[in-house]
Amino acid sequence: MTNTGELRRRTAELLAAYPPATTDRLDFLRARFDAGLAWVHYPEGLGGLGAPRSLQAVVDEELAAAGAPDNDPRRIGIGLGMAAPTVLRYGTDEQKARFLRPLWTGEEVWCQLFSEPGAGSDLAALGTRAVRDGEDWVVDGQKVWTSSAHLARWAILIARTDPDAPKHAGITYFICDMTDPGVEVRPLRQITGEAEFNEVFLTGVRIPDRHRLGEVGDGWRVAQTTLMNERVSIGGMRLPREGGMIGPVAKTWRERPDLRTHDLHQRLLKLWVEAEVSRLTAERLRQQLNAGQPGYEGSGMKLAFARLNQEISGLEVELRGEEGLLYDDWTMRRPELVDFTGRDAGYRYLRSKGNSIEGGTSEVLLNIVAERVLGLPAEPRTDKDVPWKDLAR
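Just so we're clear, the structure is a prediction, and the values are computed from it rather than from any experiment.

Colleague: What exactly am I supposed to notice about helix 3 (residues 56-65) here?
Modeller: Quick reminder: α-helices carry 3.6 residues per turn. Residues three or four places apart thus point the same way. Of all the positions in helix 3, only Q56, V58, V59 and L63 are classed as buried. Taken around the axis of helix 3, the buried residues stretch over an arc of 160°, which confines them to a single face. Every exposed residue of helix 3 that faces more than 90 degrees away from the buried side is listed here: E61, A64 and A65. In this structure, the buried residues of helix 3 make contact with helix 1 (4-17) and helix 2 (25-34). Where helix 3 ends, the next residue or the one after it, G67, has phi of about 75°, a positive value.

Structure follows, in structure tokens:
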């Protein structure tokens, strides 16, 4: 079984064969994947060694100390946090071999084609259709709030393949090539002035059946793996103390005594403690992941993430007074990543408003926590056994 000493030996061999100072970044990342040091808990041949997930930190620390490049995880977060675990669990051997390596190295960016204009909070009500035509599926529909669609080569897509089945039962999960004919990406300009999100129109897009993940009609179950990993990746990210949104506020408080009031001090202390509790809880959640698949606890973490970000950013704007009303740049851009801490207070305040919508609305997550974590009675559902085509829309 792979242990800490073995991982350090393998990492040293990688660094000796591919010195970071003289090796092309992409060549190094490919070599790291092939050595099983990309995500050590993945199987051998797929970027891992079948080792405990907790040992990934050993590799990361050794490589960081040597100045090795990383794979820019924030830019490819959807691929790493959502697509990869789903492909690993439900993909064929051919799919795993084709998609995981360029996904991890960042050569191919991924996006998520789930939400629709009429199916956001109630995702299972989606209406994008996929109709079988020989060895292909022909897909027509519209998706919305798609992060990184303007950069992506591949997308994870759920579509309705059986309108006669109840809404959760008639969905199938696909991998869609974003460069194929019939895929149109349009920017959605946000309150921040940027367009990190997009709407995607699918018109007669042909997806080969070999790019289907899971069985026909079993897409909702496959999608649950994606959604649980999404919420963990959003709410359970690893942060140092005063990492994330609380950091800039604490820094301003220390450096600008002229802005302080007793009331603001009390509010800052409360939010600082909550941010630290959330950070430590996220660490515990990651430790639970070492033993298996993510559970519904990730929904609770994502809930806390959204609420804290909105409260902290509101406090920061208030703390800065008139300065907090300033905004650095309204230029329309289509960024590669979201930078919460690298921008000003106005950006953080506006952008955090989306935290309670993206990755599952807070209202939906409250239901998940109530029913699946606390075991409370489920809300009555009148549409549970009704064919999708008969639902009111």
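Colleague: How should I be thinking about the packing of helix 1 against helix 3 in this particular structure?
Modeller: Two elements in contact, helix 1 and helix 3, have axes separated by 9 Å at closest approach and are oriented at 35°. You can see that helix 1 and helix 3 cross each other, and the crossing is right-handed. On helix 3, the residues that touch T4, L7, R8, T11, L14 and L15 of helix 1 are V58, V59, E62 and L63. Its residues assigned to classes, the contact of helix 1 with helix 3 comprises six nonpolar, two polar and two charged.

Colleague: Would you mind going over the pattern of salt bridges with me for this structure?
Modeller: Oppositely charged side chains may form a pair once their charged atoms are brought near each other. In total, this model carries 43 salt bridges according to the counting rule given. For R10, the salt bridge goes to E6, with nearest N and O atoms at 2.9 Å. Pair noted here: R10 and E6 are both in helix 1, with a separation of four residues, about one helical turn. Of the residues examined, R10 reaches a relative accessible area of 28% and is grouped as partly exposed. Across the pair D164 and K389 runs a salt bridge whose closest N-O atoms are separated by 3.9 Å. Note that D164 is positioned in the loop between strand 4 (154-160) and strand 5 (171-177) and K389 in the segment after helix 11 (362-373), a separation of 225 residues in sequence. Given a relative accessible area of 43%, K389 falls into the partly exposed group.

Definitions and limits used
- The residue numbering used here restarts from 1 in each chain and proceeds along that chain's sequence as written.
- The predicted nature of this model means local features are confined to residues of pLDDT at least 70 and side-chain atom pairs, given and counted, to a pLDDT of 80 or more, with totals for whole chains, interfaces and linings taken over all residues.
- The side-chain values count all of the structure's non-hydrogen atoms but skip hydrogen atoms and water molecules.
- The buried label goes to any residue with under 20% of its type's maximum accessible area, the exposed label to any with over 50%, and the partly exposed label to all in between, with areas taken from a 1.4 Å probe on protein chains only.
- Where helices and strands are cited, they refer to DSSP runs of H or I of at least four residues and of E of at least two residues respectively, numbered from the N terminus.
- Arc definition: it is the arc formed by the directions from the helix axis to the C-beta atoms.
- Contact definition: two residues touch when any of their heavy atoms are within 4.5 Å.
- All axes are obtained by fitting lines to C-alpha atoms, using only the stretch in contact for helices, and the reported angles, taken between N-to-C directions, cover 0 to 180 degrees.
- Each crossing is labelled by how the near helix is turned from the far one, with a counterclockwise turn of less than a right angle marking it left-handed and a clockwise turn marking it right-handed.
- Ten residues, namely Ala, Val, Leu, Ile, Met, Phe, Trp, Tyr, Cys and Pro, are considered nonpolar, four, namely Asp, Glu, Lys and Arg, are considered charged, and the remaining ones, Gly among them, are considered polar.
- Whenever Lys or Arg places a side-chain nitrogen within 4 Å of a carboxyl oxygen from Asp or Glu, that contact is recorded as a salt bridge.

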